Amino acid sequence: MDDSSSPDGATHGICVSDIMWELNPNDLDKIVASIPATPMVTLEEWELIAQYYLSNSPDSILHEKRPINDTLSIFDPLPLKGVELAYVTLIQYDSISKNVYSGDRRSRLYQLDSSLTIARAVQLQSPPSHLYTSDSGTFISLMGIMDPNDQARGSIIQFDNGKTNVVIDSLQRPVFFELADFNNDGLKDYIVCEFGNFSGQLSIFEKTPTHFPTAFRKHIINPMPGARNVVLRDVNHDGLVDILALMSQGDEKIVMYTNQGDFKFEETTLARFLPVFGSSYFELVDMNNDGHEDLIYSNGDNADYSTILKSFHGIHIFINDGKEHFNETWSYPMYGASQVIAKDFDLDGNIDLAAISYFPDFINNPEMGFIYFENTGNLTFKPQISNVTKSGRWLVMNAADYDQDGDFDILLGAYNFKGFGASPETITQWENANTPVILLKNNTMHMDFMEQPKEIRLIPKSLKLRMCVMSMMPINTKMIGSNVVIRLSLYPNKP
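Residues numbered from 1 in each chain as written. Predicted model: local features only at pLDDT ≥ 70, side-chain atom pairs only at ≥ 80, totals over all residues. Heavy atoms only, no water.

1. Focus: the overall build of the protein chain
Put simply, the rule is: The secondary structure listing takes helices from DSSP runs of H or I that are at least 4 residues long and strands from runs of E that are at least 2 residues long, numbered from the N terminus. Residue contacts are counted whenever heavy atoms from the two residues lie within 4.5 Å of one another. Under the convention used here, a 1.4 Å probe and the Shrake-Rupley method define accessible areas, while residue burial counts only the protein chains that appear.
The number of helices and strands found in the protein chain is 4 helices and 34 strands. Counting only contacts in the protein chain whose residues sit at least 6 apart along the sequence, the fraction spanning at least 24 positions is 48%. Taken as a whole, the protein chain presents about 24400 Å² of accessible surface, with 53% of it coming from carbon and sulfur.

2. Describing the pairing of strand β13 (residues 189–194)
Looking along a regular strand, one sees the side chains alternate between the two faces of the sheet. The test is simple: For each residue, the accessible area found with a 1.4 Å probe, counting protein chains only, is set against the maximum for its type, and the residue is called buried under 20%, exposed over 50%, and partly exposed in between. DSSP-based pairing: two strands are paired if at least 2 bridges between them are found.
Here β13 lies mainly inside the structure; 6 of its 6 residues are buried. Here β13 shows two buried faces, one formed by Asp-189, Ile-191 and Cys-193 and the other by Tyr-190, Val-192 and Glu-194. Turn length for the β13-strand β14 (residues 201–207) hairpin, with the two strands adjacent in sequence and antiparallel, is 6 residues, and the turn residue Gly-196 shows positive phi of about 60°.

3. Digging into the sheet that holds strand β12 (residues 174–180)
Counted only if it meets this: To get an axis, a line is fitted to the C-alpha atoms, and for a helix only the part in contact is used. The angle between two axes follows their N-to-C directions and goes from 0 to 180 degrees.
The strand order across the open sheet formed by 4 strands is β12-β13-β14-β15, and the pairing between neighbours is antiparallel. The open sheet has two edge strands with one neighbour each: β12 and β15 (216–222). Each neighbouring strand pair of the sheet contributes to a mean axis angle of 20°, computed without reference to strand direction. As defined by bridge partners, β13 adjoins β14 across 5 bridges and the pair is classed as antiparallel. Bridging from a neighbouring strand, Tyr-190 pairs with Phe-205 of β14.

4. What about a nonpolar patch on the surface?
Applied cut-off: Patch rule: a residue counts if its relative accessible area is over 30% and it has no salt bridge; like charges are joined within 9 Å, and nonpolar side chains (Val, Leu, Ile, Met, Phe, Trp, Tyr) within 5 Å. Note on definitions: salt bridges are taken to be side-chain nitrogens of Lys or Arg within 4 Å of carboxyl oxygens of Asp or Glu.
A cluster of nonpolar side chains, contributed by Ile-49, Tyr-52 and Tyr-53, occupies part of the molecular surface with about 350 Å² of accessible area. Within the fold, Tyr-52 resides in helix α3 (residues 43–56).

5. As for the pairing of strand β9 (residues 137–142)
Among the 6 residues that make up β9, 6 are buried, leaving the element largely enclosed by the rest of the structure. Burial of β9 is two-sided: the residues Gly-137, Phe-139 and Ser-141 facing one way and the residues Thr-138, Ile-140 and Leu-142 facing the other way are all buried. Remark: 2 residues form the turn of the hairpin made by strand β8 (residues 128–134) and β9, two consecutive strands paired antiparallel.

6. A few points about helix α4 (residues 424–433)
The condition that has to hold: Our arc is simply the arc of the directions from the helix axis toward the C-beta atoms.
Every buried residue belonging to α4 is among Thr-426, Ile-427, Trp-430 and Ala-433, and all of these are buried. What you see down the axis of α4 is that its buried residues fit within an arc of 130°, all on one side. Away from the buried face of α4 by more than 90 degrees, exposed residues Pro-424, Glu-425 and Asn-432 are located. Just beyond α4, the residue with positive phi is Asn-434, at close to 50°.

7. Examining the side chain of Ser-279
Using the following cut-off: By the criterion applied in these results, polar contacts are pairs of N or O atoms within 3.5 Å in which, for protein atoms, one can donate a hydrogen and the other can accept it, and in which residues neighboring in sequence qualify only through two side-chain atoms.
Inspection of the secondary structure assignment puts Ser-279 in strand β20 (residues 279–285). Residue classification places Ser-279 among the buried residues on the basis of a relative accessible area of 3%. Here the side chain of Ser-279 touches Glu-252 through a polar contact of 2.7 Å, side chain to side chain.

8. Overview of the pattern of salt bridges
A full pass over the atoms with the stated rule returns 11 salt bridges. With its nearest N and O atoms 3.1 Å apart, the salt bridge here joins Asp-104 to Arg-106. On the basis of relative accessible area, Asp-104 is assigned to the buried category, the value being 0%. Salt bridges linked by common partners bring Asp-251, Lys-253, Glu-267 and Arg-272 together as one network.

9. Comments concerning the packing of aromatic side chains
The line we're drawing: Any two rings among Phe, Tyr and Trp, with Trp reduced to its six-membered ring, count as a pair given centres within 6.5 Å; such a pair is stacked if its planes are under 30 degrees apart, edge-to-face if over 60, and tilted if neither. Any Lys NZ or Arg CZ found within 6 Å of a ring centre and within 35 degrees of that ring's normal is scored as a charge over the ring.
Following the criterion strictly, the structure yields 27 aromatic pairs and no others. Summarising the aromatic geometry, the rings of Tyr-101 and Phe-159 are spaced 5.8 Å apart at their centres and angled 85° between planes, so their arrangement reads as edge-to-face. Pair noted here: Tyr-101 is in strand β5 (residues 99–104) and Phe-159 is in strand β10 (residues 154–160), with a separation of 58 residues, a long-range link. The buried category is assigned to Tyr-101, whose relative accessible area is 4%. Between Phe-345 and Phe-408, the ring centres sit 6.4 Å apart and the planes meet at 80°, which makes this aromatic pair edge-to-face. Of this pair, Phe-345 sits in the loop between β24 (337–343) and β25 (352–357) while Phe-408 sits in the loop between β28 (394–400) and β29 (409–414), placing them 63 residues apart in sequence. One aromatic cluster is present, built from ring pairs that chain together Tyr-87, Tyr-358, Phe-359, Tyr-415, Phe-417 and Phe-420. Here the guanidinium or amino end of Lys-207 rests over the ring plane of Phe-216, the centre of that ring lying 5.7 Å away. The lysine or arginine in question, Arg-393, covers the ring of Tyr-358, its NZ or CZ lying 4.4 Å from the ring centre.

And the structure:
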């Protein structure tokens, strides 16, 4: 490849041949195949595009300051200390085994028991990125090479009692996957986000009834790199699993793939973003209780070609009008936002948000690497922080009822990379804290029992409730199906 591959062989002083020189030779075949054989714009068109941005762009970015006090009240931070678990790439709770799994850049997988003690450590083939559990087993995606690359060295393995077995190999940096039966043949298929770098794809691996010639048949749903995560739903209620996917490399967008049968999908763009937006994660949750699921989206990937603080990074809500048209109705600026999770953490009937940032303002506001947004109603949110979360650079987050008390706890995993804006003081704080994993234990349902459960009889006599007499707790009741739930709160200002 020579300089003729771009209009003038350079992009404002950066020569294409210089860029290629910096790439891993093992990636070149994939990269060259992803680049058009001829320029997509003429030199004149390129100059007009460049001049437009140079003439109209502001000379600096305005930063909105929103100070937040240390008001995180419903979570008790419990750090995991005294272990070498730096550079965490995976943190997930397994609801079946009741264990927490954590993995790191060194390709180690740790199984933590209920006391967050390491019960087992296993050496994997490469760094893990995602874990999926079901009745059929525990499955883990391995990235192959974690850093940006185009080599198909990733895989999906099955993890069973400390032993591993390769299920799918030759994947391009897989970062997320799910299992579902896309063709209703009774067999679970794998949908895999092969993030890659210059090349990659969103793929489905169809499970075949026989292992010959192979156990899977691959279908490429989107041939572009940057597939970050997917949500699976039967959106049109036709009995077929549809796909919503976040594409985050270059052409950043949230896309819906409507299943037409026989692994054919119709693509619809639900939301589209600028190439510099840094799309990082999304979820699909009904935020306003209208019966239609909405998009909750984070953007803040700041590890590309411009690492300055960006005021357009943050958390966004796109409300569904009921016809799969989505309009942004709420956003909050959060430098470097890398993941958002939507759950009713305080059990008040409103969906709250928890978000982490891998690229916060380490100089002025390092505590904003984690923000909890309490939904006070009508999509109004009260942001809350904890100074405890300054102890790490949070790359991964998982929400689950870790302690089985009826509310959602949060697990944070730190990847303490010493770069991208981290000050020497911040790095020293990370090293002194030595907290690669923090459990934010939700205390919404945590009560001190004063006496043993008692059974009381209500009218009609057929209705029996078991309840505990608690100390000075306001009581709220509501119906869930045919059951009456009595909730007792620690907080006098909460029902």
